[in-house]
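Remarks on the overall topology
One-letter residues, chain by chain:
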Amino acid sequence: MALDQPFIDEVRRNLAAGTITHYIEGKWLPGVRAETFETFDPSTNQTLATVYRGHAEDIDSAAKAAHAAFFKWSRVKAKDRKKFLLKIASLIEKYGDEIAVTECLDAGQALKIVRGQIARAAENFSFYADWAERAMDGRTFPVDNDWLNYSVRVPVAVCGIITPWNAPLMLSTWRIAPALATGNTVILKPAEWSPLTAWKLAKIFEEAELPAGVFNVVHGFGEEAGAPLVAHPLVPLITLTGETTTGSIVMRNAADQIKRLSLELGGKSPAIIFADADLERALDATVFQIYSFNGERCTANSRALIQKDVFDRFVDQLAQRAKAVKVGSPLDPQTEVGPLIHPEHLERVTGYIQIGQQEGAVLRAGGHRIGDTGNYLAPTLFTGENGMRIAQEEIFGPVLTAIPFSDEADALAMANDVRYGLASYVWTKDVERAHRMALNLEAGMTWINSHNVRHLPTPFGGVKFSGTHREGGDHSFEFYTELKHIAVPLGQHAIPKFGKS
Ligand code: NAD
């Protein structure tokens, strides 16, 4: 559904009206140093809003506030925490249009994608609200008739949530919701290239009257605000979604404090298309799974491994579809691909297009910028080889490399011959082969004859350089809680009598 221009203008004016503050202990603050940075509209590269730039002092205030709030929030009854979460879900829905405009303007994502993300953000809260009351269960371990041992779950305490710029609202809410449902408090450090929906989310928390300090937002850059969050002694848990290089820095920085870490990192996921597949559906899914989210999608199938018998035909069709993808303003409801987030990122992605050509890959579609304002890039298709840098490194843009394979063994070897292991997609009508492949693919997630359709209870996460953990459903509760063992003797068990003669 299209949004009115006057409404879009009003949201834009509101974003530009004042400097975007941190949200610490229920207060809107400029931060100790009151330095600022600008966030840009990627369709024009004009300033959209000015944002306060947080540092270690602001993280310290947020950590102290969240730590103090933890003792109260963790004792709020689960059914009341659930009510708060449900209220947040309904407020996200209520402000859906305003959030949609903000996310389109700030992240450059197309409205039709953003609408789905907002629905998911609300669902993240309603889904985990429902689980709040059953999250803390444990097991009993009766030992003969002598002991009744049991385990319980308790919240961890203050959770540091660090998010990337590509899908800011959806990616933050699916960490915030389970963290709060289980009685933790939260400090969110959103990405500096798209911080605005985090600010709107804080407004929603304020309206939901969540106790002060339970949810805090500190804006700023990775080294200045993210790193102090990772190092802070009052923050025992960090979840980071971002680049693999950032993940390894965060891992090193968290080591001194022995922190609990969940790292959701980069990907170079293959779509493996066998000749016997439903090729029309495989084509739809492969095109969607690389060009949706402007190609800035961790689970993008950025490699299409296609069986030789159908390679030429399939690549012709891929090229035709890539050329027909609608590139345009994120706020146009017809747009399928919007501008890349930032001129620096555009430069990085176009750099890879040059690398591909230097490596001898054949450009079959796109490869060029569209217009000279904004960061628009034509959906790009190469044919090449798996060893090329464009097939090995995460580009995080609308660039697909199609590679031929001969048989199942060849496909599997190529699919796994990459340092990442986030997602994979297998297209075949041979059921045995599909499951064999899924079992042997080095990937945290495999979709068979499907694109990435998320189901919140199922685990999400990668292997190898794509990350360390799983979140979603029970897996989130495991991550955001501590499992404690409690032992109770049912009688007078023998105690050694050291020191007694
Ligand atoms: P990034 O690593 O540059 O930044 C991510 C976040 O980390 C930002 O908030 C940034 O400020 C912060 N950060 C940077 N350096 C830090 C440091 N030293 N200490 C603490 N925080 C620091 O990533 P990006 O460019 O914003 O996002 C794109 C990347 O995210 C891609 O690699 C993509 O694959 C990945 N991603 C992964 C998933 C997933 O679920 N696996 C989902 C979305 C995006």
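Source: prediction; values computed, not measured. (Residues numbered from 1 in each chain as written. Predicted model: local features only at pLDDT ≥ 70, side-chain atom pairs only at ≥ 80, totals over all residues. Heavy atoms only, no water.)

**Quick look at the nonpolar core**
Ranked by size, the top nonpolar core spans 104 residues in total, and within it Ile92, Ile176, Phe215 and Ile306 carry the most contacts. Broken down by element, this core gets its largest block of residues, eleven residues, from helix H5 (residues 111-131). Not counting residues within four places of it along the chain, the set of residues in contact with Ile306 comprises Ile273, Phe311, Phe314, Val315, Leu318, Ala402, Ile403, Pro404 and Phe405. If you look at the next biggest cluster of nonpolar residues, it comprises 21 residues, including Ala65, Val158, Ile162 and Ala225. (Core = buried A, V, L, I, M, F, W, Y, C linked by side-chain atoms within 4.5 Å. Buried < 20%, exposed > 50% of the residue type's maximum accessible area, 1.4 Å probe, protein only. Helix = DSSP H or I, 4+ residues; strand = E, 2+ residues; numbered from the N terminus. Contact = heavy atoms within 4.5 Å.)

**Focus: the pairing of strand S16 (residues 399-405)**
Where burial is concerned, most of S16 is hidden: six out of the seven residues are buried. Pairing geometry for strand S13 (residues 303-307) and S16, over five bridges, is parallel. When the bridges of S16 are listed, Ala304 appears paired with Ala402. (Pairing = 2+ DSSP bridges.)

**Some points on the packing of aromatic side chains**
Using the criterion set out here, one finds 16 aromatic pairs in the structure. When the ring of Tyr23 is compared with that of Trp28, the centres are 4.4 Å apart and the planes differ by 40°; the resulting orientation is tilted. Of the residues examined, Tyr23 reaches a relative accessible area of 5% and is grouped as buried. Residue Trp28 is classed as partly exposed on the basis of its relative accessible area of 25%. When the ring of Trp131 is compared with that of Phe477, the centres are 5.7 Å apart and the planes differ by 20°; the resulting orientation is stacked. Residue Trp131 is located in helix H5, and its partner Phe477 is located in helix H16 (residues 473-480); the two are separated by 346 residues in the primary sequence. There is no split in this pair, since Trp131 and Phe477 are both buried. Members of the aromatic cluster, joined through ring pairs, are Phe127, Tyr128, Trp131 and Phe477. Taking NZ or CZ as reference, Arg53 lies 4.3 Å from the ring centre of Phe221, over its face. (Phe/Tyr/Trp six-rings, centres within 6.5 Å; stacked < 30°, edge-to-face > 60°. Lys NZ or Arg CZ within 6 Å of the ring centre and 35° of its normal.)

**Comments concerning the environment of Thr380**
Counting through the fold element by element, Thr380 comes out in strand S15 (residues 380-383). With a relative accessible area of 0%, Thr380 lands in the buried category. C-alpha of Thr380 to C-alpha of Ala282: the two residues are 98 residues apart in sequence and 18 Å apart in space. The residues touching Thr380, leaving out its near neighbours within four places in the chain, are Tyr291, Ile353, Leu363, Ala365, Gly366, Gly367, Pro398, Val399 and Leu400. Among the polar contacts listed, one links the side chain of Thr380 to the backbone nitrogen of Gly367, at a separation of 2.8 Å. One polar contact links the side chain of Thr380 to the main-chain carbonyl oxygen of Ala378, over a distance of 2.7 Å. (Polar contact = N/O pair within 3.5 Å; in protein donor to acceptor, adjacent residues only side chain to side chain.)

**Here's the deal with the site of the ligand**
Lining the immediate environment of the ligand, one finds 29 residues, of which Thr163, Lys189, Glu192, Thr246 and Glu394 sit closest. Within the complex, 93% of the 860 Å² of free accessible area of the ligand lies under protein. Within the residue set of the shell around the ligand, elements represented by two or more residues are helix H8 (222-231), strand S10 (237-241) and helix H9 (244-255). Here the residues of the shell around the ligand sort into 16 nonpolar, eight polar and five charged. (Near = heavy atom within 4 Å. Areas by Shrake-Rupley, 256 points an atom, 1.4 Å probe, with all protein chains shown as cover. Nonpolar A, V, L, I, M, F, W, Y, C, P; charged D, E, K, R; others polar.)

**A word on the pairing of strand S7 (residues 158-162)**
Most of S7 is tucked away, with five of its five residues classed as buried. Sheet analysis places S7 next to strand S8 (residues 185-189), joined by five bridges and oriented parallel. When the bridges of S8 are listed, Val158 appears paired with Thr185.

**Brief notes about the sheet that holds strand S14 (residues 362-365)**
Across the sheet, seven strands lie side by side as S14-S15-S16-S13-S12-S18-S19; this open sheet has mixed pairing. On the outer flanks of this sheet lie S14 and strand S19 (445-448), each paired with one strand and no other. Neighbour to neighbour, the strand axes of the sheet diverge by 25° on average, direction disregarded. With respect to the sheet, helix H11 (residues 308-324) is in contact with strand S12 (270-273), S13, S14, S15 and S16, its orientation differing from that of S13 by roughly 140°. Sheet strands touched by helix H12 (residues 343-359): S14, S15 and S16. Its angle to S15, the strand with the most contacts, is close to 25°. (Axes fitted to C-alpha atoms, helices over the stretch in contact; angles between N-to-C directions.)

**Some thoughts on a nonpolar patch on the surface**
A cluster of nonpolar side chains, contributed by Leu148, Val488 and Leu490, occupies part of the molecular surface with about 240 Å² of accessible area. On the secondary structure map, Leu148 appears in strand S6 (residues 147-155). Since its relative accessible area comes to 37%, Leu148 is described here as partly exposed. (Patch = residues over 30% accessible without salt bridge, like charges linked within 9 Å, V, L, I, M, F, W, Y side chains within 5 Å. Salt bridge = Lys/Arg side-chain N within 4 Å of Asp/Glu carboxyl O.)

**Description of the packing of helix H6 (residues 168-181) against helix H7 (residues 196-207)**
For the pair H6 and H7, the least separation of the axes is 10 Å and the interaxial angle reads 35°. In the crossing of H6 with H7, the sense of the turn from one axis to the other is right-handed. On H7, the residues that touch Pro168, Leu169, Ser172, Thr173, Ile176 and Leu180 of H6 are Thr197, Leu201 and Phe205. Tallied by class, the residues present in the contact of H6 with H7 amount to six nonpolar, three polar and no charged. (Left-handed = near helix turned anticlockwise from the far one by under 90°.)

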